[in-house]
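# Residue-level structural notes
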Amino acid sequence: MSSETAPRRLVLARHAQAVDAAATDAVRELSARGRRDAEAAGRWLAELGVTPDHALVSAAVRTSQTWDQMCAGAGWELAADLDRGLYEAGTDAALDLVRLVPAQVRTLVVVGHNPTVGSLAHVLDDGDGDPEAVTALLGGYPTSALTVFAVSTAWADLAEESATVLAHHVARG
(Lines give C-alpha, C1' and ligand atoms only; values in the text may rest on other atoms or scores of the structure.)
Protein backbone atom coordinates (compact mmCIF):
# COMPACT_ATOMS: atom_id res chain seq x y z
CA MET A 1 0.00 0.00 0.00
CA SER A 2 1.52 3.33 -1.00
CA SER A 3 1.76 6.24 1.40
CA GLU A 4 -0.94 8.00 -0.64
CA THR A 5 -3.46 5.18 -0.15
CA ALA A 6 -2.44 4.09 3.35
CA PRO A 7 -4.83 5.31 6.04
CA ARG A 8 -3.93 8.48 7.86
CA ARG A 9 -3.54 8.33 11.61
CA LEU A 10 -5.13 10.76 14.02
CA VAL A 11 -4.20 10.87 17.69
CA LEU A 12 -6.48 12.79 20.01
CA ALA A 13 -4.91 13.57 23.38
CA ARG A 14 -6.19 15.36 26.43
CA HIS A 15 -3.52 17.38 28.21
CA ALA A 16 -1.84 15.89 31.26
CA GLN A 17 -2.67 16.86 34.84
CA ALA A 18 -2.15 20.56 35.59
CA VAL A 19 -1.76 22.50 38.81
CA ASP A 20 -5.02 23.61 40.37
CA ALA A 21 -4.53 27.37 40.22
CA ALA A 22 -2.73 30.10 38.30
CA ALA A 23 -3.31 33.73 37.35
CA THR A 24 -5.63 32.51 34.56
CA ASP A 25 -6.76 29.09 33.39
CA ALA A 26 -4.76 29.42 30.16
CA VAL A 27 -1.45 29.74 32.04
CA ARG A 28 -1.89 26.72 34.33
CA GLU A 29 1.23 24.56 34.10
CA LEU A 30 1.59 20.82 34.34
CA SER A 31 2.00 19.29 37.76
CA ALA A 32 4.93 16.96 38.43
CA ARG A 33 2.59 14.02 37.85
CA GLY A 34 1.38 15.64 34.63
CA ARG A 35 4.92 15.88 33.29
CA ARG A 36 5.52 12.20 34.06
CA ASP A 37 2.18 11.16 32.53
CA ALA A 38 2.75 13.17 29.35
CA GLU A 39 6.18 11.62 28.91
CA ALA A 40 4.60 8.18 29.41
CA ALA A 41 2.02 9.08 26.73
CA GLY A 42 4.82 9.80 24.30
CA ARG A 43 6.53 6.50 25.12
CA TRP A 44 3.27 4.62 24.56
CA LEU A 45 2.72 6.28 21.18
CA ALA A 46 6.31 5.53 20.13
CA GLU A 47 5.81 1.87 21.12
CA LEU A 48 2.79 1.82 18.78
CA GLY A 49 4.99 3.15 15.99
CA VAL A 50 3.31 6.54 15.87
CA THR A 51 5.54 9.21 14.35
CA PRO A 52 3.56 12.40 13.74
CA ASP A 53 4.35 14.80 10.96
CA HIS A 54 2.04 17.50 12.32
CA ALA A 55 0.81 18.48 15.79
CA LEU A 56 -2.14 20.75 16.42
CA VAL A 57 -1.93 21.88 20.05
CA SER A 58 -4.01 24.30 22.08
CA ALA A 59 -2.03 27.44 22.92
CA ALA A 60 -2.70 26.99 26.65
CA VAL A 61 0.45 26.42 28.72
CA ARG A 62 -0.56 22.96 29.97
CA THR A 63 -1.23 21.64 26.46
CA SER A 64 2.02 22.96 25.00
CA GLN A 65 3.89 21.48 27.99
CA THR A 66 2.05 18.19 27.44
CA TRP A 67 3.24 18.18 23.83
CA ASP A 68 6.82 18.94 24.86
CA GLN A 69 6.82 16.08 27.38
CA MET A 70 5.20 13.70 24.89
CA CYS A 71 8.00 14.54 22.44
CA ALA A 72 10.59 13.89 25.15
CA GLY A 73 9.05 10.50 25.93
CA ALA A 74 8.74 9.48 22.28
CA GLY A 75 12.01 10.93 21.02
CA TRP A 76 10.23 13.21 18.53
CA GLU A 77 11.51 16.58 17.41
CA LEU A 78 8.45 18.29 15.94
CA ALA A 79 7.35 21.84 16.59
CA ALA A 80 3.66 22.12 17.36
CA ASP A 81 1.18 24.32 15.57
CA LEU A 82 -0.10 26.19 18.65
CA ASP A 83 -3.69 27.25 18.07
CA ARG A 84 -5.49 29.76 20.28
CA GLY A 85 -8.83 28.69 18.83
CA LEU A 86 -8.40 25.12 20.02
CA TYR A 87 -8.33 26.33 23.65
CA GLU A 88 -12.00 27.35 23.59
CA ALA A 89 -13.19 25.21 20.68
CA GLY A 90 -16.22 23.02 21.00
CA THR A 91 -16.45 19.69 19.20
CA ASP A 92 -17.55 21.13 15.84
CA ALA A 93 -14.93 23.88 15.87
CA ALA A 94 -12.18 21.39 16.78
CA LEU A 95 -13.26 19.14 13.91
CA ASP A 96 -13.13 22.17 11.60
CA LEU A 97 -9.54 22.85 12.73
CA VAL A 98 -8.56 19.26 11.93
CA ARG A 99 -10.15 19.64 8.48
CA LEU A 100 -7.76 22.54 7.80
CA VAL A 101 -4.64 20.41 8.33
CA PRO A 102 -2.53 20.23 5.13
CA ALA A 103 -3.45 17.30 2.90
CA GLN A 104 0.10 15.91 2.85
CA VAL A 105 0.03 15.23 6.63
CA ARG A 106 -0.18 11.49 7.24
CA THR A 107 -0.10 11.36 11.06
CA LEU A 108 -1.64 14.15 13.12
CA VAL A 109 -1.60 14.58 16.89
CA VAL A 110 -4.14 16.94 18.45
CA VAL A 111 -3.58 17.96 22.09
CA GLY A 112 -6.51 19.76 23.63
CA HIS A 113 -8.96 20.00 26.49
CA ASN A 114 -12.05 18.27 27.74
CA PRO A 115 -14.91 18.06 27.18
CA THR A 116 -13.95 18.81 23.56
CA VAL A 117 -11.30 16.13 22.96
CA GLY A 118 -13.33 13.34 24.53
CA SER A 119 -16.44 14.44 22.67
CA LEU A 120 -14.55 14.59 19.37
CA ALA A 121 -13.24 11.06 19.93
CA HIS A 122 -16.79 9.78 20.40
CA VAL A 123 -18.13 11.72 17.41
CA LEU A 124 -15.42 10.41 15.06
CA ASP A 125 -15.73 6.74 16.11
CA ASP A 126 -17.23 4.73 13.24
CA GLY A 127 -18.05 1.76 15.49
CA ASP A 128 -15.73 -0.61 13.61
CA GLY A 129 -12.67 -0.24 15.82
CA ASP A 130 -10.85 -2.43 18.26
CA PRO A 131 -13.53 -3.57 20.76
CA GLU A 132 -11.28 -3.22 23.82
CA ALA A 133 -10.16 0.25 22.79
CA VAL A 134 -13.73 1.38 22.11
CA THR A 135 -14.85 0.05 25.49
CA ALA A 136 -11.98 1.92 27.18
CA LEU A 137 -12.93 5.09 25.30
CA LEU A 138 -16.46 4.80 26.66
CA GLY A 139 -15.00 4.81 30.19
CA GLY A 140 -14.27 8.53 30.04
CA TYR A 141 -11.49 10.87 28.98
CA PRO A 142 -9.30 11.72 31.99
CA THR A 143 -6.08 13.70 31.79
CA SER A 144 -3.45 12.03 29.57
CA ALA A 145 -6.07 10.02 27.68
CA LEU A 146 -5.17 9.24 24.07
CA THR A 147 -7.12 7.71 21.23
CA VAL A 148 -5.48 6.59 17.99
CA PHE A 149 -7.67 6.47 14.87
CA ALA A 150 -7.25 5.26 11.31
CA VAL A 151 -8.66 7.84 8.90
CA SER A 152 -9.29 6.75 5.32
CA THR A 153 -10.37 10.16 4.01
CA ALA A 154 -8.54 13.40 3.41
CA TRP A 155 -8.47 15.66 6.47
CA ALA A 156 -10.78 18.08 4.66
CA ASP A 157 -13.38 15.30 4.35
CA LEU A 158 -13.23 14.06 7.94
CA ALA A 159 -16.78 13.71 9.24
CA GLU A 160 -18.68 12.24 12.14
CA GLU A 161 -18.38 8.45 12.38
CA SER A 162 -15.59 8.38 9.76
CA ALA A 163 -12.56 7.22 11.77
CA THR A 164 -11.74 3.80 13.18
CA VAL A 165 -10.46 3.46 16.75
CA LEU A 166 -7.18 1.54 16.73
CA ALA A 167 -6.12 2.08 20.35
CA HIS A 168 -7.04 3.99 23.49
CA HIS A 169 -4.85 4.52 26.52
CA VAL A 170 -4.64 6.60 29.68
CA ALA A 171 -0.98 7.32 30.29
CA ARG A 172 0.37 7.23 33.81
CA GLY A 173 4.07 7.74 34.52
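These remarks concern the structure in this document. (Residues numbered from 1 in each chain as written. Predicted model: local features only at pLDDT ≥ 70, side-chain atom pairs only at ≥ 80, totals over all residues. Heavy atoms only, no water.)

### A closer look at unusual backbone geometry
The residue after N114, namely P115, is reached through a cis peptide bond having omega 10 degrees. Looking at where P115 falls in the secondary structure, it is placed in the loop between β4 (107-112) and α5 (116-124). In this model, S144 sits at a positive phi of 65 degrees, which is unusual for a non-glycine residue. Its location among the elements puts S144 in the loop between α6 (131-138) and β5 (145-151). Notably, E161 is not glycine yet its phi reads approximately 55 degrees, a positive angle. Mapping E161 onto the fold places it in the loop between β5 and β6 (163-170). Residue E161 is classed as exposed on the basis of its relative accessible area of 59%. (Helix = DSSP H or I, 4+ residues; strand = E, 2+ residues; numbered from the N terminus. Buried < 20%, exposed > 50% of the residue type's maximum accessible area, 1.4 Å probe, protein only.)

### What about helix α2 (residues 61-74)?
Helix length check: α2 (14 residues) gives 20 Å between terminal C-alpha atoms against 20 Å at 1.5 Å per residue, within 8%. Among all positions in α2, only R62, T63, S64, T66, W67, M70, C71, G73 and A74 are buried. Here the buried face of α2 lies against α1 (32-47), β2 (54-58), β3 (81-83), α3 (84-88), β4 and β5. Positive backbone phi, at 80 degrees, marks G75, one or two positions downstream of α2. (Expected span 1.5 Å × (residues − 1). Contact = heavy atoms within 4.5 Å.)

### Examining the environment of A23
Structurally, A23 can be placed in the loop between β1 (8-14) and α1. For A23 and G42, which are 19 residues apart along the polypeptide, the C-alpha to C-alpha distance reads 28 Å.

### Some details on the pattern of salt bridges
On inspection of all chains with the given rule, the structure shows 6 salt bridges. With a shortest N-O distance of 3.0 Å, R62 and D25 are connected by a salt bridge. Highlighted residues: R62 in helix α2 and D25 in the loop between β1 and α1, separated in sequence by 37 residues. Looking at R62, the relative accessible area reads 5%, which means it is buried. (Salt bridge = Lys/Arg side-chain N within 4 Å of Asp/Glu carboxyl O.)

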